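Read off the chains here:
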Amino acid sequence: MKEILIIDSTLRDGSHAMRHHFTAENVRSYAAAAESAGVKVLVVGHGNGLGASSLQIGKSLLSDMEYVSIAMKELKNTKLGVLTVPGFGTVKDDLEPAIKAGAEVVFVTCHCTEADTTQKHIEYVSSIGKEAIGVLMMTHMLSPEGLLEQAQKMQGYGASGILLMDSAGASLPHDVTAKVSALKKGLNVKVGFHAHNNLGMAVANALAAVEAGAAFIDTTMRGYGAGAGNCPMEIITAVLHKSGYATGMDEFALMGISDGIVAKFMKKPIEIDGVRLASGLAGVFSGFCPIAERAGARFGVDPKEILMELGRRKIVAGQEDYITEVAIELAKRKKETKK
Amino acid sequence: MEKVKVAILGTGNIGTDLLVKVMRSSHLECSLFAGRSKDSQGIARAREMGISTSTDSVDAILRDPGCCDIVFDSTNAESHLKHALVLGKLGKFMLDLTPSKLGFMCVPILNLKESLSHQDINLITCGGQSSIPFAHALMVSCPKTEYIELASSIASKSAGPSTRINIDEYVLATRKGIEHFTGVKRAKAMLNLNPAEPPINMHNTLYMETKDEPDIGTIRKNVLAVVEQMKRYTPGVHIVAGPVYEEGRVTLITSVIGAGDFLPKYAGNLDIMTCAAVAVAEEYAKRTDGKGAKP
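Here's a quick rundown of the structure.

**Comments concerning the nonpolar core**
Reasoning step 1: Ranked by size, the top nonpolar core spans 79 residues in total, and within it Tyr30(A), Leu42(A), Leu136(A), Ile162(A) and Leu183(A) carry the most contacts.
Reasoning step 2: No other element matches helix H8 (residues 202–211) of chain A, which puts six residues into this core.
Reasoning step 3: Formed by 71 residues, the second largest nonpolar core is a distinct cluster that contains Ile124(B), Ile178(B), Val184(B) and Val280(B).

**Thoughts on the pattern of salt bridges**
Reasoning step 1: Inspection of every chain in the model, using the stated rule, returns 28 salt bridges over all chains.
Reasoning step 2: When the shortest N-O distance is used, the salt bridge between Arg313(A) and Glu329(A) registers 2.7 Å. On the criterion of sequence distance, the pair formed by Arg313(A) in the loop between helix H13 (303–312) and helix H14 (321–338) and Glu329(A) in helix H14 is long-range, its members being 16 residues apart.
Reasoning step 3: Here Glu329(A) falls in the partly exposed class, since its relative accessible area comes to 31%.
Reasoning step 4: Via salt bridges that share partners, Asp17(B), Lys21(B), Arg24(B), Asp261(B) and Asp271(B) belong to a single interconnected network.

**So, helix H5 (residues 119–127) of chain A**
Reasoning step 1: His121(A), Ile122(A), Tyr124(A) and Val125(A) are the residues of H5(A) that are buried. End-on, the buried residues of H5(A) take up no more than an arc of 160°, which puts them together on one face.
Reasoning step 2: Summarising the contacts, the buried residues of H5(A) are in contact with strand S3 (79–84), helix H4 (91–100), strand S4 (105–111), strand S5 (131–137) and helix H6 (144–157) of chain A together with helix H8 (167–182) of chain B.
Reasoning step 3: Just past H5(A), the residue Gly129(A) takes up positive phi, approximately 80°.

**Quick word on the sheet that holds strand S6 (residues 161–165) of chain A**
Two pairing modes exist for strands in a sheet, parallel and antiparallel, and in both the strands are linked by backbone hydrogen bonds.
Residues and elements named next belong to chain A.
Reasoning step 1: Sheet architecture is closed into a barrel: eight strands sit in the order S1-S2-S3-S4-S5-S6-S7-S8, paired in parallel fashion. Taking the axes of each pair of neighbouring strands and ignoring which way they run, one obtains an average angle of 25° across the sheet.
Reasoning step 2: The pairing of strand S1 (residues 5–9) with strand S8 (residues 216–219) spans four bridges and is parallel. Residue pairing across strands places Asp8 opposite Thr219, the latter belonging to S8.
Reasoning step 3: Packing against the sheet, helix H9 (residues 233–242) makes contact with S1 and S8, and its axis sits at approximately 170° to S1.

**As for unusual backbone geometry**
Reasoning step 1: Here the amide bond leading from Glu197(B) into Pro198(B) is cis, since omega sits at -5°, within 30 degrees of zero.
Reasoning step 2: Within the secondary structure, Pro198(B) sits in the loop between strand S9 (186–194) and strand S10 (202–209).
Reasoning step 3: Pro243(B) follows Gly242(B) through a cis peptide bond whose omega is 5°.
Reasoning step 4: Take Pro243(B): it is sitting in strand S11 (residues 237–246).
Reasoning step 5: A positive phi angle, near 50°, is found at Arg19(A), a position not held by glycine.

**A short note on the sheet that holds strand S1 (residues 4–9) of chain B**
All names here are of chain B.
Reasoning step 1: Within the open sheet, the seven strands sit side by side as S3-S2-S1-S4-S5-S7-S6. Their pairing is parallel. Sheet topology places strand S3 (53–54) and strand S6 (104–105) at the edges, where each strand pairs with a single neighbour.
Reasoning step 2: Alignment of S6 against strand S7 (residues 120–122), held across two bridges, turns out to be parallel. Following the sheet pairing, Phe104 is matched in S7 by Ile121.
Reasoning step 3: Relative to strand S5 (residues 93–96), helix H4 (residues 77–89) is tilted by about 170°, and along the sheet it contacts S1, strand S4 (70–73), S5 and S7.

**Brief notes about the pairing of S3(A)**
Residue and element names in this part refer to chain A.
Reasoning step 1: Summarising burial for S3: five of the six residues are buried, a large majority.
Reasoning step 2: When strand S2 (residues 41–44) meets S3, the two strands line up parallel, connected through three bridges. Among the inter-strand pairings, Val43 is bridged to a residue of S3, identified as Gly81.
Reasoning step 3: Judged from the four bridges that link them, S3 and S4 form a sheet pairing that is parallel. Looking at the pairing, Gly81 lines up with Val105 of S4.

Criteria and thresholds
- Residues numbered from 1 in each chain as written.
- Chains lettered and ligands numbered in written order.
- Predicted model: local features only at pLDDT ≥ 70, side-chain atom pairs only at ≥ 80, totals over all residues.
- Heavy atoms only, no water.
- Core = buried A, V, L, I, M, F, W, Y, C linked by side-chain atoms within 4.5 Å.
- Buried < 20%, exposed > 50% of the residue type's maximum accessible area, 1.4 Å probe, protein only.
- Helix = DSSP H or I, 4+ residues; strand = E, 2+ residues; numbered from the N terminus.
- Salt bridge = Lys/Arg side-chain N within 4 Å of Asp/Glu carboxyl O.
- Arc of directions from axis to C-beta.
- Contact = heavy atoms within 4.5 Å.
- Pairing = 2+ DSSP bridges.
- Axes fitted to C-alpha atoms, helices over the stretch in contact; angles between N-to-C directions.

This is how it looks when you write it as structure tokens:
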């Protein structure tokens, strides 16, 4: 039976849903539960990765290093993972200390067209014998051939796997099949997939990825993550088992964590409301949703319109400052048409 | 007045844009355009324009030290560390456009005169060069500020291989520049590359965290004064939005549209570097009276 690796990013992507305010106790209790449930890799830190805590994206309650060391204390067999986006996190300030503190897997991440910004980070991680996974974000914005070309660069730098992120939850299963297949065919390293649920496709897309040859799926417990949330770990585990794949995990143990821990610290249930559906349609980063809601309320503009306009401008993850700017412009336009 | 001779190291887009600006200058002339790559398009273009070229990079200056008084270095951070050693011994006035963090950090509207007494001038980074003047104005307006943050977005097409490989150096050098010039306790710099077509203009958002509600009128006045001063050497600098104050922070969004000399107009991030470098070189040239004498 083919075994699929399930990565747990609840304490990373879930940071968006917590408005970057995971407490020490949230992290401690979740990490301890993940360890006892046999989670293979647990990723922690700011939602946009190490070094992203900022006024631009959202300030974390605790520093990345605090999150890393709190989680690390609870982990024995579970490997600790961190994510970083070059341009935000640096080798010197972020990766070196995180790895020193125990991180074993590093997700080096960039917008899907910018793989050559990850070279130094991937080379650094693999040169010291840790695992570097190259991550391409917002993959709905690039063709299978384009993604393969970028993934090959990362493979060349020393990445031991490539993770495709549907950061906007904008993909349909046939898109995922085409993209994962292209990478599977053209790469020597394993391929993974990370879903968002803005179009209600997260589990279906993750399953499509596995059927197209993906060896790992990046998930969050209860789907707790940016925008409409991610592919829920407990659900995809159950679905994969039902489809004849092994995961090395027990879905009932995961359900216990989902109901017993995550349901208790969630700010609010993860759901696909109009704003989150619009974000999927617009193809903008899921993490933009709450910021668009705040800007919409402040400037009297429908947040869905803000997201659609950001999508037309092809704004990418990390460019949160454009949200307010677009809200101001739309408010101005609205005022002018009223005249 | 006799023009002062300059050499340009690095024959990529930035080097070529520098060349166009130098050729237009009434104080400077390009006597050497040198890189390492034999099939560089920049070398071919420069040769067509009748400029003396070399693929021996800094060695070409070593062989003929009299060929120039000023050297623009638009290679990369690592290479500049080597170039600075060699050129320093030859007494050349260097304008470093890489994020090497080596030389004296210069932002023309803040410390042009002081810079001229140093030999290796570092232009910091495009984010630093375009935003430090504004960060400085914010800091002057609210001296108690403890944290300043800069988020920049540039068009993917304007980020060449050196920018990409130097992305950590960019982040660290920009932060260092903001802290140095404003005196703020802590700063942060971030960079996004956006591949949209048509390409986006360089876009800089500055955030300043402040406990007391600031006088936004004073900030606005100071910021507008900065725009006017910067326009003297970088005409494409402008305010996009703000300054606004909300929830304990002042936000200011600015942009730079390039002059479109060699680089396209969206590459304001590169234009501001070449504009600043040429502005410093011209000031140096005026002081040396065309004879290469030290100011």
